[in-house]
Amino acid sequence: ALTIGIVGLPNVGKSTLFNALTRNQVLAANYPFATIEPNLGIVALPDPRLQTLADLFGSERIVPATVSFVDIAGIVRGASEGEGLGNKFLANIREADAICQVVRAFADDDVVHVTGRVDPADDIETVNTELILADLQTLERAIPRLEKEVRGKKTDAAVLAAAQAANAVLEEGVTVFAARERLAKQGVDATALRDLQLLTAKPFIFVFNTDDAGLADVDMQARMRALVAPADAIFLDAKFESELVELDPDDAAEMLADSGQSEPGLDQLARVGFHTLGLQTYLTAGPKEARAWTIKQGWTAPQAAGVIHTDFERGFIKAEVISFADLVEAGSIAAARSAGKARIEGKDYVMADGDVVEFRFNV
Ligand code: GDP
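- Naming follows an unreviewed UniProt entry, where the protein chain appears as Ribosome-binding ATPase YchF of Actinotalea fermentans.
- Regarding the protein chain, the relevant UniProt record gives this comment under Cofactor (unreviewed entry): "Mg(2+)".

Here you go:
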């Protein structure tokens, strides 16, 4: 499964956030074979549509999609030089599919800040610099090798061009992800870029760990959003989130309402993380379960069927698709059919978010 690596300077609240995420882990009942790894947090993708479907179909249980977070400890200034945990740290990031950078934006004199003062922009630069230096090292080795391979016609020239373009961006102190539009406009081959496995080419999410004052400070939030764009920014209070997950649902809802927030920060993080990974869901419903299935954005109906069972992809005949909104409005599959809202889709159909699907297949 695709994973999101949580990184950040020491003492910014990574463990607090990660513990809240793992406390929120999808109940083992739904995933009895999942091994619980200490640095892996598998959380449910919040989706209120599943409860609606379960009510409509009298489903016995709800199975949400999940998002996986990995706690990657150990970034400090000098990590790219392999100091201390540096090498292991970089190897762990390389395995993640997206990077969630936690940034301290809370004031608390009792919690020491590594550089002595709370400055989110400065912290982001410190972390990004380590990642950028690591990528520059990767390219320093890769470019001469690629030049040779291109001369020997073993590698496409587009790969070398992508490496050189990425190198130019990194030398400016910009991550490949932040420069992705510019690189695309230059005609840099996205696949070639991906093959270079650069850390900063992964999608980024920024979590600003803040307090009540910060959650209310829309100016600060706008500044931070602009700073990290095109990455998404989430503002939450990790300490508050860790308390929220300890409560039963009613008490949690009350505490959330008192705080003036419309949803838990962890829910936002799960949703943004899921989309940042390029994932989407489709839905199935019946008396046994109402379920969200994870697919990549852009997948076709047979690929989506293959997530349920590989035989479904091989034997795919067609899919009966009703949009969630149409199904709820009609009240049942039969009513949706007679209202002409059930579409029969073939093997080229590209799945849309919120499709409620039943597959027909040969086995
Ligand atoms: P890590 O080193 O990034 O994993 O940071 P920790 O999660 O261990 O947090 C470092 C310290 O900051 C701990 O004492 C936490 O209790 C505290 N802390 C974490 N998040 C918050 C927060 O949102 N507000 C306040 N005031 N303290 C926090």
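There's plenty left to go through after this.
## Examining helix H12 (residues 265-276)
Here comes step 1: Taking 1.5 Å of rise per residue, twelve residues should cover 16 Å, and H12 covers 16 Å from first to last C-alpha, within 8% of that figure.
Here comes step 2: Within H12, nine of the twelve residues are buried, which leaves the element mostly enclosed by the surrounding structure.
Here comes step 3: Looking only at H12, the buried set comprises Gly-265, Leu-266, Asp-267, Leu-269, Ala-270, Val-272, Gly-273, Phe-274 and Thr-276.

## Regarding the sheet that holds strand E2 (residues 40-44)
Picture the strands of a sheet paired through backbone hydrogen bonds; they go either parallel or antiparallel.
Here comes step 1: What the six strands build is an open sheet, ordered E2-E4-E1-E5-E6-E7; its pairing is mixed. Each edge of the open sheet carries a strand with a single partner, namely E2 and strand E7 (232-236). Going across the sheet, the axis of each strand differs from the next one's by a mean of 25°, ignoring polarity.
Here comes step 2: Its contacts with the sheet put helix H9 (residues 218-228) on strand E6 (204-210) and E7, and the angle it makes with E7 is roughly 145°.

## What to know about the site of the ligand
Here comes step 1: The environment of the ligand is made up of 16 residues, and the closest members are Gly-13, Lys-14, Ser-15, Thr-16 and Asp-108.
Here comes step 2: Mapped onto the shell around the ligand, the elements with two or more residues apiece are helix H1 (14-23) and helix H10 (238-244).

## Quick word on the UniProt feature "binding site: ATP" (unreviewed entry) in the protein chain
Here comes step 1: Using the residue numbers shown here, the UniProt feature "binding site: ATP" (unreviewed entry) corresponds to Asn-11, Val-12, Gly-13, Lys-14, Ser-15 and Thr-16.
Here comes step 2: Mapped onto the fold, Gly-13 is located in the loop between strand E1 (3-7) and H1.
Here comes step 3: Sequence-distant contacts of Gly-13, defined by excluding residues within four places in its chain, comprise Val-102, Arg-104, Asn-209 and Ala-238.
Here comes step 4: Mapped onto the elements of the fold, Thr-16 is located in helix H1.
Here comes step 5: Apart from residues lying up to four places away in sequence, Thr-16 is in contact with Ala-238, Lys-239 and Ser-242.

## Regarding the environment of Val-176
Here comes step 1: Among the structural elements, Val-176 can be located in the loop between helix H5 (157-171) and helix H6 (180-185).
Here comes step 2: Looking at Val-176, the number of C-beta atoms within 10 Å reads 26, which means it is buried.
Here comes step 3: Spatially, the C-alpha atoms of Val-176 and Thr-200 are 5.3 Å apart, while their sequence positions differ by 24 residues.
Here comes step 4: With sequence-adjacent residues up to four places away left out, Val-176 is seen in contact with Ala-166, Val-169, Leu-170, Leu-193, Leu-198, Thr-200 and Ala-201.

## Examining H5
Here comes step 1: Between its first and last C-alpha atoms H5 spans 21 Å; for 15 residues at 1.5 Å apiece the expected length is 21 Å, and the two agree.
Here comes step 2: Of the residues making up H5, those classed as buried are Leu-160, Ala-162, Ala-163, Ala-165, Ala-166, Val-169 and Leu-170.
Here comes step 3: Residues of H5 that are buried sit in contact with helix H4 (120-151), H6 and helix H7 (190-195).
Here comes step 4: Immediately beyond the C-terminal end of H5, within one or two residues, lies Gly-173, with a positive phi of roughly 85°.

## Structural notes on the pairing of E6
Here comes step 1: Most of E6 sits inside the fold, with seven of its seven residues counted as buried.
Here comes step 2: Side-chain alternation along E6 places Phe-204, Phe-206, Phe-208 and Thr-210 on one buried face and Ile-205, Val-207 and Asn-209 on a second face that is also buried.
Here comes step 3: In this sheet, E7 lies alongside E6 in parallel orientation, the contact comprising five bridges. Residue pairing for E7: Asn-209 is matched across the bridge by Leu-236.

## Quick notes on the nonpolar core
Here comes step 1: With 95 residues, the main nonpolar core has Ile-6, Phe-69, Cys-100, Ala-166, Val-176, Phe-206 and Val-207 as its most contacted residues.
Here comes step 2: For Cys-100, the residues in contact, after removing those within four places along its chain, are Ile-4, Gly-5, Ile-6, Phe-69, Ile-205, Val-207 and Gly-273.

## Considerations on the environment of Ala-304
Here comes step 1: With respect to the helices and strands, Ala-304 occurs in helix H13 (residues 301-308).
Here comes step 2: Its 26 C-beta neighbours within 10 Å are what place Ala-304 among the buried residues.
Here comes step 3: The residues touching Ala-304, leaving out its near neighbours within four places in the chain, are Tyr-282, Trp-293, Ile-295, Trp-299 and Met-351.

Calculation rules
- Residues numbered from 1 in each chain as written.
- Predicted model: local features only at pLDDT ≥ 70, side-chain atom pairs only at ≥ 80, totals over all residues.
- UniProt positions renumbered as here; feature names shortened; annotations may be inferred.
- Helix = DSSP H or I, 4+ residues; strand = E, 2+ residues; numbered from the N terminus.
- Expected span 1.5 Å × (residues − 1).
- Buried ≥ 20, exposed ≤ 12 C-beta atoms within 10 Å, placed from the backbone.
- Pairing = 2+ DSSP bridges.
- Axes fitted to C-alpha atoms, helices over the stretch in contact; angles between N-to-C directions.
- Contact = placed C-beta atoms within 7 Å.
- Near = placed C-beta within 6 Å.
- Core = buried A, V, L, I, M, F, W, Y, C linked by C-beta atoms within 7 Å.

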